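# Coordinate analysis (summary)
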Amino acid sequence: MKFTEEHEWLRVEGDEVVVGITIHAAEQLGDVVFVELPDEGTTVSKDDEVVVIESVKAASDILAPVDGEITEVNSTLTDNPAMVNDDPQGEAWFFKMKVSDPSQMDEFMDEAAYQKFIG
Amino acid sequence: MTDLQHTPLFALHEELGAKMVPFAGYAMPVQYPMGVMQEHQHTRTQAGLFDVSHMGQVILSGADWDSVALAFETLVPMDVLGLGDGRQRYGLFTNAQGGIEDDLMFARRGDALFVVVNAACKDADIARMRAGLPDTISVGPLEDRALLALQGPQAEAVMAGLDPAAAAMRFMDVADLTLDGIAVWASRSGYTGEDGYEISVPADQAEALARVLLAHDAVAPIGLGARDSLRLEAGLCLYGNDIDAGTDPVEAGLVWAIQKVRREGGARAGGFPGAEAVLHSLHDGPARKRVGLRPEGRAPMRDGVALYASETAELPVGTITSGGFGPTVGGPVAMGYVPDACANEGTQLWGALRGKRLPVTVVKLPFVPANFKR
């Protein structure tokens, strides 16, 4: 699993990556009450806002970690946003995407580096 | 957060694992490990303990009750003189334009008036009272007292277990109680829509009292996050969001707080700042009104979201002033101001959220029925 400075995690599955938010991010957000997912098939660029998450406190965005195409979204989150708090690094993945340029993956942190990053 | 003031419960909040945030110059708990959603539900179903010691507590005293009450009536459009001993009322400080400078609770304690004001406004409120009241009325801020709130359906049982007199109090009564040996001033009121008490306690005994209350299985500590969602569902105004110096009490839907004796034709009509504007607004009806709003779907609409009369209208007709997710409602809830013509229940409006227009329906307030012991 790789981690971004935006507190996302990425897991490579073949030529796709699965994207979610870290346990740390979910704790910071507090109780999640709303998730808006992108349409499958959407072409996105790195840093595009692709998911909206609203917690009891505030709205925040998830950015596309790399360029590519959204291939699948986890629509169970729409009906059960609380899953993001229950299992952020497991069941509560947000979307899968096909990566245009795999070299964009190189800059991400491994778990040890991420743990150090969040202190 | 070094320059922030601490309430007498600061150490207890940290011990309880609270997440502390700056609020009105104080370090305050926004949530505890339970989390906002569960804290909200706990307050609605059992009892929640809130630290509201950041709020301003002030005693006004003078020669007798009539002189104190009549002096205070020059600052607020409420019937103060007619307040019975041991009773409390909701009030507003108005300005020369009829706008709201702050909202407050005031209670009669014998010949004195006990006033509780918002934290962010307390310095201005104390200055306003000192400047606006005659020298014969003393304005005494109570800096050595903390304020706790115990709210929820189990609050009465918890309080009555400590002092049986708590059970005899009705909504908006105030009384001196002794809770586990600690002498307090209690009122049967709050800011959640639930039955409950606000408890003014000497600062040096506040932590001991909080521990006594928290020792009950039914009582959990509740942070500002749930305090906000509870008051929003209860349709209660947040000063600075839903009411401010530019909103008058009539458009804010607070006419009920202006007793008849202070209105046109009343024995003590007018005589408060902005009386002409407020009485005019009362007579003619306001141009805009504060309303309850239910956004469709699950996306919360927060303060600042513009409201439109149609999906394509160019100009907004109003704005959301408070909004979020209502845990008891199970969906997004909001309040805002709209023109009188759009204020009828069932009116369909659109809120602009992230570049999209989403349907919003005007609904009756509160979102959750009040559970007061009248």
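Residues numbered from 1 in each chain as written. Chains lettered and ligands numbered in written order. Predicted model: local features only at pLDDT ≥ 70, side-chain atom pairs only at ≥ 80, totals over all residues. Heavy atoms only, no water.

### Quick notes on the interface of chain A and chain B
Quite often, the size of an interface is put as the accessible area lost when its parts meet. Each side of the interface is counted separately: chain A has 15 residues, and chain B has 12 residues. At the boundary of chain A and chain B, one finds 3 salt bridges. A salt bridge links Arg 302 of chain B to Glu 54 of chain A, with the shortest nitrogen-to-oxygen separation between them at 2.6 Å. Run the count over chain A and chain B and you get 7 residue pairs in polar contact (both at pLDDT 80 or more). Breaking the side of chain A that touches chain B down by element, the ones donating at least two residues are β4 (32-36), β6 (49-55) and α2 (76-79) of chain A. Of the residues in the side of chain A that touches chain B, the class split is 7 nonpolar, 3 polar and 5 charged. (Contact = heavy atoms within 4.5 Å. Salt bridge = Lys/Arg side-chain N within 4 Å of Asp/Glu carboxyl O. Polar contact = N/O pair within 3.5 Å; in protein donor to acceptor, adjacent residues only side chain to side chain. Helix = DSSP H or I, 4+ residues; strand = E, 2+ residues; numbered from the N terminus. Nonpolar A, V, L, I, M, F, W, Y, C, P; charged D, E, K, R; others polar.)

### Here's the deal with the UniProt feature "domain: GCVT N-terminal" (unreviewed entry) in chain B
Those residues carrying the UniProt feature "domain: GCVT N-terminal" (unreviewed entry) are residues 10-260 of chain B in this numbering. Helix and strand shares over residues 10-260 of chain B are 27% and 31% respectively, and the end C-alpha atoms of the span are 43 Å apart. (UniProt positions renumbered as here; feature names shortened; annotations may be inferred.)

### Considering the sheet that holds strand β5 (residues 88-94) of chain B
All names here are of chain B. Here 5 strands make up an open sheet; going across it, the order is β5-β6-β7-β4-β8 and the pairing antiparallel. The open sheet has two free edges, formed respectively by β5 and β8 (138-141), since each of these has just one partner strand. Recorded for the sheet is a direction-independent mean angle of 30 degrees between the axes of neighbouring strands. Taken together, the 7 bridges between β5 and strand β6 (residues 100-109) define a ladder with antiparallel strand orientation. Looking at β6, one finds that Gly 91 is bridged to Leu 104. Contacts from helix α3 (residues 65-72) reach β4 (56-61), β5, β6 and β7 (112-117) within the one sheet, and its direction differs from that of β7 by about 35 degrees. Across the sheet, helix α4 (residues 122-132) touches β4, β5, β6, β7 and β8, and the angle it forms with β8 is around 165 degrees. (Pairing = 2+ DSSP bridges. Axes fitted to C-alpha atoms, helices over the stretch in contact; angles between N-to-C directions.)

### Things to note about the nonpolar core
All names here are of chain B. Counting 42 residues, the largest nonpolar core has Leu 60 and Phe 72 as its most contacted members. Going through the elements one at a time, β4, α3, β5, β6, β7, α4 and α9 (275-284) are the ones with two or more residues in this core. Leu 60 has contacts with Val 68, Phe 72, Ala 112, Leu 113, Val 115, Met 129, Leu 133, Ile 137, Ser 138 and Val 139, leaving out every residue within four places of it along the chain. Residues Val 116, Trp 185, Ile 222 and Val 291 belong to the second largest nonpolar core, which totals 36 residues. (Core = buried A, V, L, I, M, F, W, Y, C linked by side-chain atoms within 4.5 Å. Buried < 20%, exposed > 50% of the residue type's maximum accessible area, 1.4 Å probe, protein only.)

### Regarding a negative patch on the surface
On the surface, a cluster of negative charge is made up of Glu 5, Glu 6, Asp 47, Asp 48, Glu 49 and Asp 61 of chain A. When you line up the elements, Glu 6 of chain A lands in the loop between β1 (2-3) and β2 (8-13). (Patch = residues over 30% accessible without salt bridge, like charges linked within 9 Å, V, L, I, M, F, W, Y side chains within 5 Å. Areas by Shrake-Rupley, 256 points an atom, 1.4 Å probe, with all protein chains shown as cover. Lys, Arg positive; Asp, Glu negative; His and termini not counted. Charge placed at Lys NZ, Arg CZ, Asp CG, Glu CD.)

### What about the UniProt feature "domain: Lipoyl-binding" (unreviewed entry) in chain A?
The UniProt record annotates "domain: Lipoyl-binding" (unreviewed entry) at residues 16-98 of chain A. Strand forms 42% of residues 16-98 of chain A and helix 18%; the C-alpha atoms that close the span are 5 Å apart.

### Side note on the pairing of strand β16 (residues 318-326) of chain B
Residues and elements named next belong to chain B. In terms of burial, β16 is largely enclosed, as 8 of its 9 residues are buried. Relative to β16, strand β15 (residues 306-308) runs antiparallel, the two sharing 2 bridges. Along β16, the bridge assignment pairs Ala 306 with Thr 319. Turn length for the β16-strand β17 (residues 331-339) hairpin, with the two strands adjacent in sequence and antiparallel, is 4 residues, and the turn residue Gly 330 shows positive phi of about 80 degrees.

### Describing the packing of helix α2 (residues 36-45) of chain B against helix α8 (residues 224-233) of chain B
All names here are of chain B. Contact geometry of α2 with α8 gives a least axis separation of 8 Å together with a crossing angle of 55 degrees. In terms of their interaxial angle, α2 and α8 are classed as oblique. Crossing of α2 over α8 shows right-handed handedness. Residue-level contacts link Val 36, Glu 39, His 40, Thr 43 and Arg 44 of α2 to Gly 225, Ala 226, Ser 229, Leu 230 and Glu 233 of α8. Here the residues of the contact of α2 with α8 are counted per class, giving 3 nonpolar, 4 polar and 3 charged. (Parallel < 35°, antiparallel > 145°, perpendicular 65-115°, else oblique. Left-handed = near helix turned anticlockwise from the far one by under 90°.)

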